[in-house]
Structure formats: structure tokens, C-alpha cells
Amino acid sequence: MVTVPIKTCIRTLSTTSRMDKSFAKWYRSLWQPKGNDEPPYDHIVQLGDPVLRVPANAIPEKELQSAEVQYLARHLTKVMRAYRCVGLAAPQLGLSLRAFVMEFKDELRDQYTKADYKLREMEPLPLTILLNPELKVLNYEKVIHTEACESVRGYRADVPRYREILLQGFDATGNRQELRLSGWNARIAQHEMDHLNGIVYTDIMNRKSLTCTCWQAVNAKSGRIQLSFASK
């Protein structure tokens, strides 16, 4: 997920002598397409890639502490920070696994007015890694704010989300964790959970609010605008 101000890896994952061969075979079976450039990618896949439209596979519980899953957690964090977004799910790197990361740094406060920061119920969220997460709605009131997504680059729209949720799953060390989130951080979590279920924000947005983020520049430059899909 991308915040919207009002404004690889080792391609063949390193295999150790302790690696579970059956898991390695299963893990590689999720990689699409096959070839020299295999997931998890260093770039973020775009809408139209089939991996964004299928429910992701749960990670076998016995593999949560494996070197491969630890690598995936680190790589998700690396790419999320490279793209300067606040959340990223494994399917966005081409890997159909139920894992995502979130982080909302306090320095992002400068991108918003004090009034808007308060309106969106924003607060810092430390780096959070969720493996096999489950989401429960605690407050069914829906709040509408603008969202963007690195898998739908160049656009944003108004999206309704539940105000408060409960996340349960495993952290990067394979230990159970539980998080109660509200406001903007609950929005980030719902956005990433959607990715694990084959859902993109365009499925639930206010359709008339869909906006090209650079429409003014398109006009100012007579259409001579290039949109990059690499990290910033």
C-alpha cells in the first residue's frame, strides 16, 4: 500500500544442508513465470499479473522459521522500503504466499497537515511482519479515505475500510502474535490482507474517484510523461 498525501534476491534461493527438500520443491512450484528472473522479484508486479488475483497459499507452520521464509520476510521489507510504501504483500513480489509487511514511520508526518494527520487517525507503526495472518473486524463502521497501491501505479481512489481490526498470525521468528489496530494502520493491514485474498483496492473503491496521480503533469508536459515501475 502507498500512502497518499494530500499532496533477488538470490534468484535460486540459497539452499542449506538443513533445508527441507519437499518444502523447497513446493516453494518453487509457486513461482510463476518460470525463467531466469524468478520471484520473489526486486520489483512490484502490476495489475494484470495473475498472481494478484488468486488466494495466496498458507506457509506450512513447520517452515515458519526456515531460512527461506526468513529470507522472504527480509526481502519484503527491503523492497517495501525501496519503494517507500507502507505495506507490501508477498503476491506483489510474484510469490503466492500468505505473508506481508507493514511500516508507517513517524517521518511521514511531514507529508500531511496536522489536521489531515488527525482526520486519518494516523500514528507510527513499527516494522511489522505477518505470516499466515488472520483478520477479525472489531468495529464495523467504515471510513473512507484515499488509497494508492504500488501494484496499480499512477492511480489513487477513495476506499472504504473498517475502523478497527484484530490481526493474528506469526512474526518473523515463527512466534504467534496478535495486533489490535485502528484508524490508518488498520487500513494498511486491510489493504495487505486483500492482496493475500486476490483482491485489489480497485475492486472496492468508489469508482468515480479513481484518479491518475499525475494528470496535471500530463497536461503540462503535453502528454510527454514516463511512468516508471521500478523503485524510486
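Worth saying up front: this structure is predicted, and the values here are computed from it rather than measured.

Thresholds applied
Residues numbered from 1 in each chain as written. Predicted model: local features only at pLDDT ≥ 70, side-chain atom pairs only at ≥ 80, totals over all residues. Heavy atoms only, no water. Helix = DSSP H or I, 4+ residues; strand = E, 2+ residues; numbered from the N terminus. Buried < 20%, exposed > 50% of the residue type's maximum accessible area, 1.4 Å probe, protein only. Areas by Shrake-Rupley, 256 points an atom, 1.4 Å probe, with all protein chains shown as cover. Expected span 1.5 Å × (residues − 1). Core = buried A, V, L, I, M, F, W, Y, C linked by side-chain atoms within 4.5 Å. Pairing = 2+ DSSP bridges. Phe/Tyr/Trp six-rings, centres within 6.5 Å; stacked < 30°, edge-to-face > 60°. Polar contact = N/O pair within 3.5 Å; in protein donor to acceptor, adjacent residues only side chain to side chain. Contact = heavy atoms within 4.5 Å. Salt bridge = Lys/Arg side-chain N within 4 Å of Asp/Glu carboxyl O.

Enquirer: Teacher, can you tell me more about the overall build of the protein chain here?
Expert: Along its length, the protein chain carries five helices and six strands. In the protein chain, the order of α-helices and β-strands from amino to carboxyl end is α-α-β-β-α-β-β-β-α-β-α. Buried positions account for 51% of the 232 residues belonging to the protein chain. Surface accessibility of the protein chain: about 11800 Å² in total, with carbon and sulfur atoms responsible for 51%.

Enquirer: Would you mind showing me how to read helix α2 (residues 67-83) here?
Expert: Because the α-helix completes a turn every 3.6 residues, residues three or four places apart line up on one side. With 17 residues, α2 extends 24 Å from end C-alpha to end C-alpha; this agrees with the ideal 24 Å at 1.5 Å per step. Taken residue by residue, α2 has Glu68, Val69, Tyr71, Leu72, Ala73, His75, Leu76, Thr77, Val79, Met80 and Tyr83 as its buried positions. Of the residues trailing α2, arginine 84 is marked for its positive phi of about 60°.

Enquirer: How should the nonpolar core be read in this particular structure?
Expert: Looking at soluble globular proteins, one finds that nonpolar side chains tend to be buried together. Of all hydrophobic cores here, the largest spans 24 residues; its most connected members are Ile59, Leu72, Leu76, Leu88, Ala99 and Leu131. For this core, the secondary-structure elements that each account for two or more residues are α2, β2 (99-104) and β3 (125-148). No other element matches the seven residues that α2 contributes to this core.

Enquirer: Just to check I follow, could you spell out helix α4 (residues 183-196) for this structure?
Expert: With 14 residues, α4 extends 21 Å from end C-alpha to end C-alpha; this agrees with the ideal 20 Å at 1.5 Å per step. With 14 of its 14 residues buried, α4 lies for the most part within the structure.

Enquirer: Which parts of the structure should I look at to understand the pairing of β3?
Expert: When a strand is regular, its side chains alternate between the sheet's two faces. In this structure, β2 lies alongside β3, joined through five bridges in antiparallel fashion. Bridging across to β3, valine 101 finds its partner in isoleucine 129. Of the pairings in the sheet, the one linking β3 to strand β4 (residues 155-170) comprises 13 bridges and is antiparallel in character. Following the sheet pairing, lysine 136 is matched in β4 by leucine 166. The hairpin turn running from β3 into β4, its antiparallel successor, is six residues long, and glycine 154 in that turn takes a positive phi close to 100°.

Enquirer: Explanation requested: the packing of aromatic side chains in the structure shown.
Expert: Ring pairs (aromatic) are described by centroid distance and by the angle formed between their planes. Enumeration according to the criterion identifies one aromatic pair in this entry. Between tyrosine 140 and tyrosine 162, the ring centres sit 5.5 Å apart and the planes meet at 75°, which makes this aromatic pair edge-to-face. Remark: tyrosine 162 occurs in strand β4 and tyrosine 140 occurs in strand β3; sequence separation between them is 22 residues. Relative accessible area serves as the criterion here: at 25%, tyrosine 162 is assigned to the partly exposed category.

Enquirer: So what exactly am I meant to see when it comes to the side chain of glutamate 150 here?
Expert: Relative to the helices and strands, glutamate 150 resides in the loop between β3 and β4. A polar contact is formed between the side chain of glutamate 150 and the side chain of arginine 153, at a distance of 2.9 Å. Residues in contact with glutamate 150, not counting those within four places in the same chain, are Val2, Ile44, Val45, Gln46, Tyr83, Cys85 and Lys232.

Enquirer: How should I be thinking about the environment of threonine 173 in this particular structure?
Expert: The residue threonine 173 is located in the loop between β4 and β5 (176-182) in this model. For threonine 173, a relative accessible area of 42% gives the class partly exposed. Between the alpha carbons of threonine 173 and leucine 64 there is a distance of 7.3 Å; along the sequence they are 109 residues apart. A distance of 2.7 Å separates a polar atom in the side chain of threonine 173 from a polar atom in the side chain of aspartate 171.

Enquirer: Can you walk me through the side chain of arginine 153 in this structure?
Expert: Secondary-structure assignment places arginine 153 in the loop between β3 and β4. You can call arginine 153 buried: its relative accessible area is 12%. Within the structure, arginine 153 has its side chain in polar contact with the backbone oxygen of serine 228 (distance 3.0 Å). Of note is the side chain of arginine 153, whose polar atom sits 2.6 Å from the backbone oxygen of alanine 230. Aside from chain neighbours lying at most four places away, what touches arginine 153 is Gln46, Tyr83, Leu227, Ser228, Phe229, Ala230 and Lys232.

Enquirer: Can you help me understand the pattern of salt bridges in this one?
Expert: The final tally for this structure, using the stated rule, is eleven salt bridges. Note that arginine 161 and glutamate 147 form a salt bridge whose closest N and O atoms lie 2.8 Å from each other. Note that arginine 161 is positioned in strand β4 and glutamate 147 in strand β3, a separation of 14 residues in sequence. The exposure class assigned to arginine 161 is buried, which follows from its relative accessible area of 4%. Here glutamate 164 and arginine 180 are joined by a salt bridge, their closest N and O atoms 2.6 Å apart. Here glutamate 164 is found in strand β4, whereas its partner arginine 180 is found in strand β5, with 16 residues between them in sequence. Overlapping salt bridges, with partners in common, bring together Glu147, Arg161, Arg187 and Asp194 in one network.

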